[in-house]
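Structural description and commentary
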Amino acid sequence: MKHNFTYFFSEGVGNMFSHGFMSFAAIGITVACLVVMGTFSLVAYNAEVQLETLESEYEILAFVDETCDDARTQQVGRALSKIANVKDVEFITKEQATENFEKKYENDYMLQDLDAEIFRDRYAVFVSDLNAVNQTAEAIRGVEGVAKVRVDEDIAGGFITLRNVAGIVCIALIAILLVVSVFIISNTIKLTTFDRRDEIAIMKMVGATDGFIRWPFVYEGFFLGLISAVVAFLLQWLLYASVAKSLTMSDTMQLLKIVPFETIWQPVMVIFGAAGILIGIGGSLTAIRKFLRV
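Keep in mind it's a predicted model, so treat the numbers as computed, not measured.

**Let's talk about the overall build of the protein chain**
Within the protein chain, the regular secondary structure consists of 9 helices and 4 strands. Counting from the amino terminus, helix and strand elements in the protein chain follow one another as α-α-β-α-β-α-β-α-β-α-α-α-α. Out of the 294 residues in the protein chain, the part that is buried amounts to 37%. Within the protein chain, counting contacts between residues at least 6 apart in sequence, those at least 24 apart form 83% of the total. Accessible surface for the protein chain amounts to roughly 17400 Å². Of this, 63% is attributable to carbon and sulfur atoms.

This is how it looks when you write it as structure tokens:
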């Protein structure tokens, strides 16, 4: 077994170096596909994080009836916190509401010095699941002491739609690029295998099993995929850091929060490695299958 492993290993490495240009082409193409897949995946991941941040800030406003005293207002808050899907409840006095309103429209002189009496005490209700916003809003309306509820259903629906579309597009692109990568590396290795078709035929005739013939090509694909994954990972890191730095320095894009690569490099490295090896081995097995039919 050890002898076979040494043979398969040496043959796989030898095949890779004996067809230097084709191996370089296979690595280059695989690196390109991995970087494109990684870029789309990281964009989708950052979009998901951004959406989660926006969702966490989404609020339903429950306005307290003006006839409620302080004790009754506190009871309203406790009742709201017990509603299903409610993650957190924050009380906002009419004075705070006035101050926030003035800060928001500080450049409009007509809105200055507003009387706090035109505002009501209210609770900002934060939800766990945006899909259940309408049901949560109905439950809030049923709380005694709540005079009015303001819920932006269009914004909640927009968050959900954007998240679903981003996820579907990302999965579709990754699947397409994965298939394309396997196809390309398969054809690249097939060209190198074509030169050895007579050798493979002779090995079959003298009794070599399909597994014995196949394993060197599996090792070759493994090394091609692993090298591609390492190169692609380093390029992806440089590209990500460059884009993140550019966005940070941009005055118009500062609202976008980019997840630091230092916090996600480990799972990204594992995914790149797994994808590269899968593409390499998958391409090799697809390429050698035709030549085993002798």
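Next comes the rest of the account.
**A few points about the environment of E199**
In this fold, E199 is placed in helix α7 (residues 197-205). With relative accessibility at 36%, the residue E199 sits in the partly exposed group.

**What about the layout of surface pockets?**
Taken as a whole, the largest pocket holds about 420 Å³ of empty space. Taken together, 18 residues form the lining of the largest pocket, with L42, V43, N46, L247 and I258 sitting closest to its centre. When residues of the lining of the largest pocket are traced back to their parent elements, those giving at least two are α2 (20-57) and α8 (210-249). When the residues that make up the lining of the largest pocket are grouped by side-chain class, the tally is 13 nonpolar, 4 polar and 1 charged.

**Quick look at the side chain of Q236**
By the secondary structure assignment, Q236 is in helix α8. In this structure Q236 comes out as buried when scored by relative accessible area, which is 2%. A polar side-chain atom of Q236 sits 3.2 Å from the main-chain amide nitrogen of T39.

**Description of the packing of α7 against α8**
Where α7 contacts α8, the two axes come as close as 9 Å, and the packing angle between them is 150 degrees. Taken as axis vectors, α7 and α8 run roughly antiparallel relative to one another. For the pair α7 and α8, the contacting residues are I200, M203 and K204 in the first and D210, F212, I213 and F217 in the second. Its residues placed into classes, the contact of α7 with α8 shows 5 nonpolar, no polar and 2 charged.

**Considerations on the confidence of the model for the protein chain**
Detailed conclusions should not be drawn from predicted coordinates in areas where pLDDT is low. Of the residues in the protein chain, 80% reach a pLDDT of 70 or more, and the chain-wide mean stands at 79. For the protein chain, per-element mean pLDDT is lowest for helix α1 (residues 2-18), which scores 65, and highest for strand β1 (residues 60-64), which scores 91.

**Here we look at the sheet that holds β1**
An order of β2-β3-β1-β4 is seen for the 4 strands of this open sheet, with the pairing classed as antiparallel. The two strands at the open ends of the sheet, each matched to only one other strand, are β2 (86-92) and β4 (146-150). Neighbouring strand axes in the sheet, compared pairwise and without regard to direction, differ in orientation by 25 degrees on average. In the sheet, β1 pairs with strand β3 (residues 122-127) via 4 bridges, with the strands oriented antiparallel. What sits directly across from I60, in β3, is V125. The strands touched by helix α5 (residues 133-141) are β1, β2, β3 and β4; relative to β1, the strand with the most contacts, the crossing angle is about 5 degrees.

Parameters and conventions
- Residues take numbers from 1 onward in each chain, read along the sequence in its written order.
- Owing to the predicted nature of the model, reporting of local features is limited to residues with pLDDT of at least 70; listing and counting of side-chain atom pairs is limited to 80 or more, with chain, interface and lining totals taken over all residues.
- Side-chain numbers come from the whole structure's heavy atoms, not from hydrogens or water.
- By the criteria applied, helices consist of DSSP H or I runs no shorter than four residues and strands consist of E runs no shorter than two, each listed in order from the N terminus.
- Here's how the labels work: a residue is buried when its accessible area is under 20% of the maximum for its type, exposed when over 50%, partly exposed in between, all with a 1.4 Å probe on protein chains only.
- We call two residues contacting when some pair of their heavy atoms lies within 4.5 Å.
- The protein chains shown are the only cover counted for residues, whose accessible areas, like all others here, come from Shrake-Rupley with a 1.4 Å probe.
- Cavity: a set of points on a 1 Å grid over the protein atoms alone where a 1.4 Å probe fits but cannot get out. Pocket: an open set with protein on both sides within 12 Å along at least five of seven lines, its lining residues, like those of a cavity, having an atom within 4 Å of a point.
- Grid points are joined across faces, edges and corners, and a volume is the space filled by probe spheres set on the points.
- The nonpolar class holds Ala, Val, Leu, Ile, Met, Phe, Trp, Tyr, Cys and Pro. Asp, Glu, Lys and Arg form the charged class, and all remaining residues, Gly among them, are polar.
- By the criterion applied in these results, polar contacts are pairs of N or O atoms within 3.5 Å in which, for protein atoms, one can donate a hydrogen and the other can accept it, and in which residues neighboring in sequence qualify only through two side-chain atoms.
- To get an axis, fit a line to the C-alpha atoms, keeping to the stretch in contact for a helix; angles then go from 0 to 180 degrees between the N-to-C directions.
- Put simply, angles under 35 degrees are roughly parallel, angles over 145 are roughly antiparallel, angles from 65 to 115 are roughly perpendicular, and the rest are oblique.
- Residue-level confidence of the predictor is summarised by pLDDT, bounded by 0 at the bottom and 100 at the top.
- Strand pairing follows a simple DSSP-based rule, namely that at least 2 bridges must link the two strands.

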